[in-house]
Amino acid sequence: MNTEHSVSEKYVLILGAMSDVARALAKEYASHGYHIIAAARDEKRLIPLTHDINIRFGVKTFAIPFDAEQTSTHANFYESLPTSPDVVITAFGYLGNTEKGLSDWEEAARIIQVNYTGAVSILNRIAIDMRQKKRGLIIGISSVAGERGRQSNFLYGSAKSGFSAYLSGLRNMLYPHQVHVLTVKPGFIRTSMTEGMPLNPKLTANPEQVARSIYAAGEKKKNTLYVLWMWKYIMCMIRNIPESVFKKMKL
């Protein structure tokens, strides 16, 4: 880490900063005075976002290359950051194609690598740093898909299930060290990735709504966030369907 900033300054590191939700998060945190460290595979594509945030909110912005799949680069990536972040958000993910993943291991491996292995790799490094400093907030964007395997996306769901369990364990480990971990399960989000999908508007949030909810939940040190309240009860019902019935359903 190049420098340590003063306690009056606040920095948020957003991993996977090209997604619609990540961009909304960058603006939300900047509006609350956070300096933004935006990281994505192609940092040049982040320049318009960081430039806009810098002008609009008057905070410092950085665009840095980061690839969740290239785990061997994660240690150097974190050590090369301009300063130690106060908040870290994992906003990257890959839905993939379950049917393709059954016969094409490269597709299945990418789903697992992006949604689980890559996230664990970088967060392990960050958790060690925050534990030593005894401060920090880690926010992991998981998914309601991880609460029960469904035929339509069980490869993605299984990776997110593992990620949610990892975040739970991380929260337990870091609690005595004044580091908090928030697990986010957004439900449906209206983004470029879901464009054209038949989403129920009553169950679908927009990126700005997700960003506001995540910021508020982090400030309140909530453990788990369902962006729209009804998802908590929907998933409770789905989890409690007997397996003898659930296996016959098309979900």
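Above: the structure in question.
Residues numbered from 1 in each chain as written. Predicted model: local features only at pLDDT ≥ 70, side-chain atom pairs only at ≥ 80, totals over all residues. Heavy atoms only, no water.

**Student:** Quick question: what am I supposed to make of the pairing of strand 2 (residues 35-40) here?
**Tutor:** Every regular strand shows the same layout, with side chains that alternate between the two sheet faces. Of all the six residues making up strand 2, six are buried; the element is thus mostly covered by neighbouring parts of the structure. Here strand 2 shows no split at all, with His-35, Ile-37 and Ala-39 on one side and Ile-36, Ala-38 and Ala-40 on the other all buried. Relative to strand 2, strand 1 (residues 11-15) runs parallel, the two sharing five bridges. Within the sheet, the bridge partner assigned to Val-12 lies in strand 2 and is Ile-36. After leaving strand 1, the chain enters helix 1 (residues 20-31) and then returns to the sheet as strand 2, a path that is right-handed. Bridge count for strand 2 against strand 3 (residues 61-65) is five bridges, and the pairing is parallel. The residue of strand 3 that forms the bridge with Ala-40 is Pro-65. Chirality of the crossover, the property in question, places the unit of strand 2, helix 2 (residues 47-57) and strand 3 among those that are right-handed. (Buried < 20%, exposed > 50% of the residue type's maximum accessible area, 1.4 Å probe, protein only. Helix = DSSP H or I, 4+ residues; strand = E, 2+ residues; numbered from the N terminus. Pairing = 2+ DSSP bridges. Right-handed = clockwise from strand over helix to strand, strands pointing away.)

**Student:** Hey, could you run me through the packing of aromatic side chains in this one?
**Tutor:** To describe a pair of aromatic rings, one takes the distance between the centres and the angle between the planes. A complete count under the given rule lists nine aromatic pairs for this structure. On the basis of an interplanar angle of 80 degrees and a centroid distance of 5.0 Å, the ring pair of Tyr-29 and Tyr-34 is categorised as edge-to-face. Of the two residues examined, Tyr-29 and Tyr-34, each falls in the buried class. Members of the aromatic cluster, connected to one another through ring pairs, are Tyr-29, Tyr-34 and Tyr-215. (Phe/Tyr/Trp six-rings, centres within 6.5 Å; stacked < 30°, edge-to-face > 60°.)

**Student:** What should I look at first to understand the nonpolar core in this one?
**Tutor:** Taken as a class, soluble globular proteins show a tendency for nonpolar side chains to be buried jointly. Within the largest apolar cluster, 45 residues are counted, with the highest numbers of intra-cluster contacts made by Ile-14, Leu-25, Tyr-29, Ile-36, Ile-89 and Ile-139. In terms of residue count, the dominant contributor to this core is helix 1 (seven residues). Ignoring anything within four residues of it in the chain, the contact list for Ile-36 reads Val-12, Ala-26, Tyr-29, Ala-30, Ile-53, Val-59, Lys-60, Thr-61 and Phe-62. Counting residues in each nonpolar core, the second largest holds 29 residues, with Leu-15, Phe-66, Val-88 and Ile-126 among its members. (Core = buried A, V, L, I, M, F, W, Y, C linked by side-chain atoms within 4.5 Å. Contact = heavy atoms within 4.5 Å.)

**Student:** Which parts of the structure should I look at to understand helix 7 (residues 207-219)?
**Tutor:** One turn of the α-helix equals 3.6 residues, which is why residues spaced by three or four share an orientation. Relative to the 18 Å expected for 13 residues at 1.5 Å per residue, helix 7 spans 18 Å between its end C-alpha atoms, a close match to the ideal helical length. Looking at the buried side of helix 7, the elements it contacts are helix 1, strand 5 (137-141), strand 6 (180-185), strand 7 (188-189), strand 8 (204-205) and strand 9 (224-226). If you check the start of helix 7, you find a side-chain oxygen 3.2 Å away from the backbone N of Glu-208, and it comes from Asn-206. Backbone geometry just downstream of helix 7 places Lys-221 in the positive-phi region, at approximately 55 degrees. (Expected span 1.5 Å × (residues − 1). Polar contact = N/O pair within 3.5 Å; in protein donor to acceptor, adjacent residues only side chain to side chain.)

**Student:** How should I be thinking about the pattern of salt bridges in this particular structure?
**Tutor:** Inspection of every chain in the model, using the stated rule, returns eight salt bridges. Here Lys-185 makes a salt bridge to Glu-147, at a shortest N to O gap of 3.1 Å. Here Glu-147 lies in the loop between strand 5 and helix 6 (154-174) and Lys-185 lies in strand 6, a separation of 38 residues in the sequence. We note that Lys-185, like Glu-147, is buried. (Salt bridge = Lys/Arg side-chain N within 4 Å of Asp/Glu carboxyl O.)

Any functional reading would require information beyond the geometric quantities listed.
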